[in-house]
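# Structural overview
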Amino acid sequence: MQRIRLRYAKRGPLRFTSHRDFARAFERALRRAGVPIAFSQGFTPHPKISYASAAPTGVGSEAEYLEIGLQAEVDPAALRAALDAALSPGLDVLDAVVAGEGSLADRIDASRWLIELPEVDPAVAEKAVEAFLAAEEVLVERMTKQGRRSFDARKAVASFAVGKESAAPSGAAAAPCAIIDLVVRQVTPAVRPDDVMSGLRVVAGLEPPVPPRVTRLAQGSLTSQGEIVDPLDADREDAPIGGR
């Protein structure tokens, strides 16, 4: 059996696709592309697909990852192209590599996020971020499967800054528009960008007049220099690569 790891994006209106909806769409794409997917054993066999840290519904992403098991060897570049063509525009397969040793999930301990705040002055956002970083603890609440929980959003934040440029990559037209760069470590419970935004409300009273637009730019292992290493990089030395 061959294992392939893929990086895909959720763009534009397709950012509102839930993880369950994407999983259904991806399984249909596997069938349309004629991919020799492997199946589990037992009374209810299911395709061997493993997802890593999916982004929340409504959040765009340039760095979603999954791994599939195949019954026969395929060329990763050809697989990437076939799956990309079989998925709707906005669900875009960006990269494919033959899986090496170790777990894909073990290579992901942080994510980088772009948060666009239309109609928020960058200077106001910068003061709110400074207040957040100065706090030793920022307690926020969120409803979970175990009920409403309170947790510290501050300890998960590795870096947090307001960009100097006002142009928004997503094309947000509102002016002013604060652009925030956020790096969050994976902790338990997981801290999401909306939790950090709740923290800005707690420490600085920042209430964006319109919902933020959030995009995950990267996820992987966080270096001591603050860079995030693509989890597929460790597989590239001995594996063909597809991409665009």
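Being a predicted model, the structure only gives us computed values, none of them experimental.

## Observations regarding the nonpolar core
- With 29 residues, the main nonpolar core has Leu 117, Phe 132, Phe 160, Ile 180, Leu 182 and Leu 200 as its most contacted residues.
- Elements represented by at least two residues in this core include exactly strand 5 (110-118), helix 3 (122-134), strand 8 (157-162), strand 9 (177-185) and helix 4 (193-204).
- Apart from the residues within four sequence positions on either side, Leu 200 is in contact with Ala 128, Val 129, Phe 132, Phe 160, Ile 180, Gly 205 and Leu 206.
- Grouped together as the second largest cluster of nonpolar side chains are 21 residues, Leu 30, Leu 83, Leu 91 and Val 93 included.

## A few points about the packing of aromatic side chains
- Across all of its chains, the model carries 4 aromatic pairs by this definition.
- The interplanar angle of 5° and the centroid separation of 4.2 Å between the aromatic rings of Tyr 8 and Phe 22 together place this pair among those described as stacked. In this pair, Tyr 8 is assigned in strand 1 (residues 2-10) and Phe 22 in helix 1 (residues 19-32), connecting sequence segments 14 residues apart.
- You can call Tyr 8 buried: its relative accessible area is 4%.
- According to the relative accessible area criterion, Phe 22 is buried, its value standing at 3%.
- The structure contains a cluster of three or more aromatic residues connected by ring pairs, namely Tyr 8, Phe 22, Phe 26 and Tyr 51.

## Side note on the confidence of the model for the chain
- The predicted model of the chain has a mean per-residue pLDDT of 91, with 92% of residues at 70 or higher.
- Contacts for the low-pLDDT stretch residues 239-244, under 50 throughout, to residues beyond four places or in other chains number 26 contacts.

## Details of unusual backbone geometry
- Going from Thr 188 to Pro 189, the amide bond is cis rather than trans, its omega being -5°.
- Summarising the element assignment, Pro 189 is placed in the loop between strand 9 and helix 4.
- Of note in the backbone geometry, Ser 53 takes a positive phi value of approximately 50° without being a glycine.
- Relative to the helices and strands, Ser 53 resides in the loop between strand 2 (49-52) and strand 3 (60-70).
- Residue class for Ser 53 comes out partly exposed when judged on its relative accessible area of 33%.

## Topic: the pairing of strand 3
- Burial of strand 3 is extensive: 10 of the 11 residues sit out of reach of the surface.
- Where strand 1 and strand 3 come together, 8 bridges link them in antiparallel fashion. Paired with Lys 10 across the two strands is Ser 61, which belongs to strand 3.
- Bridge count for strand 2 against strand 3 is 4 bridges, and the pairing is antiparallel. When the sheet's bridge partners are listed, Ile 49 is paired in strand 3 with Ile 68.
- Pairing of strand 3 with strand 10 (residues 213-222), which is carried by 2 bridges, proceeds in the parallel orientation. Bridging across to strand 10, Gly 60 finds its partner in Thr 215.

## Things to note about the packing of helix 3 against helix 4
- Taken N-terminus to C-terminus, the directions of helix 3 and helix 4 make an angle of 90°; their axes are 9 Å apart at the nearest point. In terms of orientation, helix 3 lies roughly perpendicular with respect to helix 4. Contacts between helix 3 and helix 4 involve Ala 128, Val 129, Ala 131 and Phe 132 from the first element and Val 196, Gly 199, Leu 200, Val 203 and Ala 204 from the second.
- Tallied by class, residues from the contact of helix 3 with helix 4 come to 8 nonpolar, 1 polar and no charged.

## Some thoughts on helix 3
- Its 13 residues place the ends of helix 3 18 Å apart at the C-alpha level, agreeing with the 18 Å of an ideal helix rising 1.5 Å per residue.
- Taken residue by residue, helix 3 has Ala 125, Ala 128, Val 129 and Phe 132 as its buried positions. Each buried residue of helix 3 sits inside an arc of 100° when the element is viewed along its axis, so together they form one side. Along helix 3, the residues that are exposed and aim more than 90 degrees away from the buried face are Lys 127 and Ala 134.
- Of the surrounding elements, those touching the buried residues of helix 3 are strand 8, strand 9 and helix 4.
- Between the side-chain oxygen of the N-cap and the backbone nitrogen of Ala 123 there are 2.7 Å, and the N-cap of helix 3 in question is Asp 121.

What counts and what doesn't
Residues numbered from 1 in each chain as written. Predicted model: local features only at pLDDT ≥ 70, side-chain atom pairs only at ≥ 80, totals over all residues. Heavy atoms only, no water. Core = buried A, V, L, I, M, F, W, Y, C linked by side-chain atoms within 4.5 Å. Buried < 20%, exposed > 50% of the residue type's maximum accessible area, 1.4 Å probe, protein only. Helix = DSSP H or I, 4+ residues; strand = E, 2+ residues; numbered from the N terminus. Contact = heavy atoms within 4.5 Å. Phe/Tyr/Trp six-rings, centres within 6.5 Å; stacked < 30°, edge-to-face > 60°. pLDDT = per-residue confidence, 0-100. Pairing = 2+ DSSP bridges. Axes fitted to C-alpha atoms, helices over the stretch in contact; angles between N-to-C directions. Parallel < 35°, antiparallel > 145°, perpendicular 65-115°, else oblique. Nonpolar A, V, L, I, M, F, W, Y, C, P; charged D, E, K, R; others polar. Expected span 1.5 Å × (residues − 1). Arc of directions from axis to C-beta. Polar contact = N/O pair within 3.5 Å; in protein donor to acceptor, adjacent residues only side chain to side chain.

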